[in-house]
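Examining the three-dimensional arrangement
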Amino acid sequence: MEIKNIFKVSAIATALVLAGCGGDINISEGDIDNSSTVNNPPTTTPTPTPTPTEDAPGELDSALSTAVSTALGETIEVRTLSGRLTDADEDSSGKITLTNDIVWALDGAVFVGSDNADSTVLEIEEGTIIFGSTGSDYLVISRGSQIEAMGTSSDPIIMTSYNDVIGDEIGAGQWGGLVLLGNAPSNKCPTDADCALQVEGVEEGAVFGGDAEDDNSGILNYLVVKYAGFEISPDNELNGITFGGVGSATEVDYIQVHANADDGVEFFGGNVNAKHLVLTSNQDDSVDWDNGYQGKLQYVYIEQDSANGDANRGIEADNDGSLPDNEPQSNPTIANLTIIGNDFDGEDDSEGVYLREGTGAQIYNMVITGTDGMGECLEVEGTLESQTNLSDGTITIENSVLACTNGENFKDGALPDGATHTIVDLEAWFLDESRGNRVSESVMLNADGTPMTGSLLLEGAADVSEIDGFFDATTFVGAVSSDDDWRQGWAFGFGGGTVKVTQTASGCPAGTTTIAAVDGVTNTCELSGRITSDLTLTEGNLYALSGAVFVGDDNEDSATLTIDAGVTVYGASGNDYLVVSRGSKIDAQGTASEPVTLTSSAAVLGGLEAGEAGQWGGLVILGNAPSNKCPSDADCALQVEGVQEGAVFGGTDSTDNSGTLRYVRVMHGGFEVAPDNELNGVTFGGVGSGTTVEYLQVHKNADDGVEFFGGSVDVKYLVLTDIQDDSVDWDNGFVGRMQYVLVRQAQDNSDANRAIEADNDGSVPDSEPQSNPTIANMTIIGNDFDGEDDAEGIYLREGTGAQLSNVIITGSAGMGECFEVEGVLESQTNLGDGTTTFTNSVIACENDENFKDGSLPDGATHTIVDLEDWFLNNQAGNSVAANQAAVLDGIFTISEVTPKDFSGDTFFDNADFIGAVDEDADWTSGWTVGLE
């Protein structure tokens, strides 16, 4: 079906991310944010009330049309649906059609059809937006009627809140939800009368149940439901999507429920099957079933709120609390399930799977993991019926992995008062060899929940197509494979599911200015001044920076700058740079095939490799995390280097969130404003750990590649190539973590300095908080540059600490020293007291300068540590090799040094190699430049 008008408005910058999840899953926020966020829409001239569409359902709402049109920057018709839609409202197609050139508002409970009477079909076109304004606004498909919500991967249907549409504060419970009612069986149906069970959360008369297992309630395809859920009364809530007695002829594929105040999806009996479910940041259970549910589910991805907001169980499953052996018995079959828990600890804790009240379950290819603070990962209630189900095959779990680091992979059910039956040892039951299950602390998942090369989830799966023809044959455990991420492009937090920016007639988003096409062909939009309302840079355009462009003001007029995958932003001189102010965010989420690129106009015109260093400014991100330059008795506002006055950072919030950088390339930047006052490729000033940074490259920068001024931001998958000063620089109390860092200095032996230049504080070397980041799996390849500053490896100075492991330092014969620690007392003391450690690493420099001992400062009498002896005899697992060929094949590790074991760590993967890149898991492929 043709989309008549893509009018989507910038409502939310998604923090996608999905972060801080357990085992070795490192999904930072980013992706998904269940916290309240204020998003200010672009300031535009109000547009006229639209002319009503003839014969369209509902009523034109002038006030809503004006509000939405103002937010979108163009004339949009909003029509309100209310009451009951029946066959009398059908159009010429014999259906009731919601078209995508209108925004649709729910006013109260909107019913499609009466109960098995006045039946009709509600058709919703791809790309359609439907919203509710309160918890009393919800959509119900009655028994006998159908919904045909047929979105596409590029244009999903979005049901969301009014706040989301206009760019106001968002959060769970801002509207009701979607309810489907059918005629399929429930074990609550009486045996001697017609079945009409009142569904929870909906006004009286909304009933379900019957005897038609193959009942058809329609189609849900590429549908995103956000910010719904509402508690009518205790234990009477609206779920994101409620399936009441829905039959197997109903088609459900590619649906998401995000940030729902109650359960994500709940199945009250019925037989409906579903594939490709994404359930994120839901405040109660993500999947809930009871009362005889017997459907089939495959590819279910569950991720609880990465900010550790409200959550309960990944699955909470019941048969019947009053009669646990009631028939038909709940016993669905589920294959390829991922559950990622969080640290929520409230009235209900974050947990994995809880099977209770007599339910059965047939589960295959499941992985459960989560953070250290997560509750139990697998529990079966202690009632006789539930325990018997474990023994007789009514409950089956096979070819699955538990990877919880909380000491509670298993929780045995408690014996009810007065009962004498045996409680099954759940761990022994799960690990019985016949089941093919495993327990691990390191399942090696990427930040997006996909398995890394070498992950144990890529083997040991069941071929579930042999169990039932509904299921696809798979070779992996969990919901998502390493080579086919079916969430991408349509699901919220995975590149889709947002109500996007309206484009002007030129194609430039509102808030930018159309300028002459820089390449003579591509539509070009200019950014200038200060952005104080949410703005999305949509694909298909080039974006030019004009001078210093700020996102937000300092902790006020905050905004989010979203940059779509594949977008290029460029500057023409060193005066053109981008600054994300404290309190604001950047959400730049590219993909391996479509990275976000920040570069120079010369590179845009001449190709990615045509640009030289220093042709534009760079990217600066400022946050509220601590710095040891902050005064202890006053508000902190530290001027960042290289940027105009008033660009400040620092504070007390170590978990501050400045957004997401994922698959981003920053190239040809760097500019010296004055000596020792330069723009880096990416400057992180007081950036907190809530920020997501992964798959980031800085290429050909005139100053440092990345520099961290205090803060606690973590980084994974970092590439630094042809940097003319230091590749990584930190100071002033930086305490973040990094893994998989590749530094390769210019192969033509042009300008370079240190791969790492690290400081605490030059004036007060023991200043607190002390710089002491943890870095694992780093490869440093130096060159022969010999100028005012030589090419070198790692230099730790001015009192910094560092926790280094799995590192390779190597380079050509003309390279300078490979490892040096400054001779000041504080830096030398760090080598002896564990403030600096260096393990499971190899130094392979052929320049006779593997090590350079620090020099004793004038007048000092302390001992200078013999660095070579310290590295080889005091630190564990280290060695020295002859040259680069002994440790690397190109950028790939060939060294056989044993890596450090990070089992149980919540950030670091337990890699089976040292250095940054393994040939069998080349995470640099496809999106980086300069590594050929």
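Since this is a predicted model, take the numbers as computed values, not measurements.

Bringing the overall build of the chain into the picture now. What the chain contains, in helices and strands, is 7 helices and 60 strands. Since a compact globule built from 932 residues should have a radius of gyration of about 30 Å, the 29 Å found for the chain is in line with a globular shape. Its C-alpha atoms give the chain principal-axis dimensions of about 95 × 75 × 50 Å. Going through the 932 residues of the chain one by one, you find that 64% of them count as buried. Across the chain, every contact between residues at least 6 apart in sequence was considered, and the portion connecting residues at least 24 apart equals 75%. Entry remark: accessible area of the chain is about 30,300 Å², with carbon and sulfur atoms responsible for 42%. Looking at the chain, you have 31 positive and 159 negative side-chain charges, and the mean spots of the two groups are 3 Å apart.

Right, let's talk about the state of the cysteines for a bit. For the coordinates displayed, the defined rule picks out 5 disulfides. The disulfide that involves cysteine 377 links it to cysteine 404, with 1.9 Å between the sulfurs. When the S-S torsion is -110°, as for the bridge of cysteine 377 with cysteine 404, the disulfide is left-handed. Pair noted here: cysteine 377 is in the loop between β25 (361–370) and β26 (378–380) and cysteine 404 is in strand β28 (residues 401–404), with a separation of 27 residues, a long-range link. For the pair cysteine 377 and cysteine 404, one class covers both residues: buried. Two residues, cysteine 818 and cysteine 845, share a disulfide whose sulfurs are 1.8 Å apart. The S-S bond linking cysteine 818 to cysteine 845 shows a torsion near -110°; that makes this disulfide left-handed. With cysteine 818 in the loop between β54 (802–811) and β55 (819–821) and cysteine 845 in the loop between β57 (842–844) and α7 (867–874), the pair connects residues that are 27 residues apart, well separated along the chain.

Residues of the chain with pLDDT of at least 70 account for 92%, and the chain-wide mean is 90. Across residues 1–46 the pLDDT falls below 50, and counting only partners more than four positions away or on other chains, this stretch makes 231 contacts in the model.

The residue arginine 744 is located in strand β50 (residues 737–744) in this model. Sequence separation between arginine 744 and threonine 388 is 356 residues; the distance between their C-alpha atoms is 60 Å. Those residues in contact with arginine 744 that lie beyond four places of it in its chain are Leu720, Thr721, Asp722, Ile781, Ile891, Gly930, Leu931 and Glu932. A polar contact is formed between the side chain of arginine 744 and the backbone oxygen of glycine 930, at a distance of 2.6 Å.

Right, let's talk about the side chain of glutamate 148 for a bit. On the secondary structure map, glutamate 148 appears in strand β8 (residues 146–150). Among the residues examined, glutamate 148 registers a relative accessible area of 14% and is labelled buried. Only 2.8 Å separates the side chain of glutamate 148 from the side chain of lysine 95, close enough to count as a polar contact. Excluding residues within four positions of it along the chain, glutamate 148 makes contact with Lys95, Val121, Leu122, Glu123, Ile124 and Ile219.

All right, on to unusual backbone geometry then. Along the chain, glutamate 327 connects to proline 328 via a cis peptide bond; the corresponding omega equals -5°. Mapping proline 328 onto the fold places it in the loop between β22 (313–317) and β23 (333–340). With omega at -5°, the peptide bond leading from glutamate 768 into proline 769 counts as cis. Structurally, the position occupied by proline 769 is in the loop between β51 (754–758) and β52 (774–782). Phi is positive for alanine 259, close to 55°, though the residue is something other than glycine. Relative to the assigned elements, alanine 259 resides in the loop between β17 (251–258) and β18 (265–268). Overall, alanine 259 belongs to the buried group, its relative accessible area being 0%. At aspartate 722, a residue that is not glycine, the phi angle is positive and equals roughly 55°. Relative to the helices and strands, aspartate 722 resides in the loop between β48 (715–721) and β49 (728–731). Residue class for aspartate 722 comes out buried when judged on its relative accessible area of 18%.

This paragraph deals with the side chain of glutamine 697. Mapped onto the elements, glutamine 697 comes out in strand β46 (residues 692–699). According to the relative accessible area criterion, glutamine 697 is buried, its value standing at 0%. Dropping the residues within four chain positions of it, glutamine 697 is found in contact with Val664, Arg665, Val666, Val719, Thr721, Trp927, Thr928 and Val929.

Ranked by internal contacts, the top residues of the largest apolar core, which has 70 residues, are Phe684, Val706, Phe708, Trp730, Ile809 and Phe819. If we ignore the near neighbours within four places in the chain, the residues touching valine 706 are Val682, Phe684, Leu696, Val698, Leu718, Leu720, Ser727, Val728 and Asp729. Judged by nonpolar contacts, the second largest core, of 69 residues, contains Ala149, Ile241, Leu337 and Leu402.

The subject of this paragraph is the pattern of salt bridges. For the structure on display, the rule yields 24 salt bridges. Residue aspartate 318 pairs with arginine 356 through a salt bridge whose shortest N-O separation is 2.4 Å. One end of the pair, aspartate 318, is in the loop between β22 and β23; the other, arginine 356, is in the loop between β24 (351–355) and β25, and 38 residues separate them in sequence. The pair aspartate 318 / arginine 356 is uniform in exposure class, with both members buried. Two residues, lysine 716 and aspartate 909, come together in a salt bridge whose shortest N-O distance is 3.1 Å. Taken together, the residues lysine 716 in strand β48 and aspartate 909 in the segment after β60 (892–893) connect sequence positions 193 residues apart. Across this residue pair, the class does not change: lysine 716 and aspartate 909 are buried.

Reading the values: the criteria
Residues numbered from 1 in each chain as written. Predicted model: local features only at pLDDT ≥ 70, side-chain atom pairs only at ≥ 80, totals over all residues. Heavy atoms only, no water. Helix = DSSP H or I, 4+ residues; strand = E, 2+ residues; numbered from the N terminus. Rg over C-alpha atoms; globule rule 2.2 N^0.38 Å. Buried < 20%, exposed > 50% of the residue type's maximum accessible area, 1.4 Å probe, protein only. Contact = heavy atoms within 4.5 Å. Areas by Shrake-Rupley, 256 points an atom, 1.4 Å probe, with all protein chains shown as cover. Lys, Arg positive; Asp, Glu negative; His and termini not counted. Charge placed at Lys NZ, Arg CZ, Asp CG, Glu CD. Disulfide = S-S within 2.5 Å. pLDDT = per-residue confidence, 0-100. Polar contact = N/O pair within 3.5 Å; in protein donor to acceptor, adjacent residues only side chain to side chain. Core = buried A, V, L, I, M, F, W, Y, C linked by side-chain atoms within 4.5 Å. Salt bridge = Lys/Arg side-chain N within 4 Å of Asp/Glu carboxyl O.

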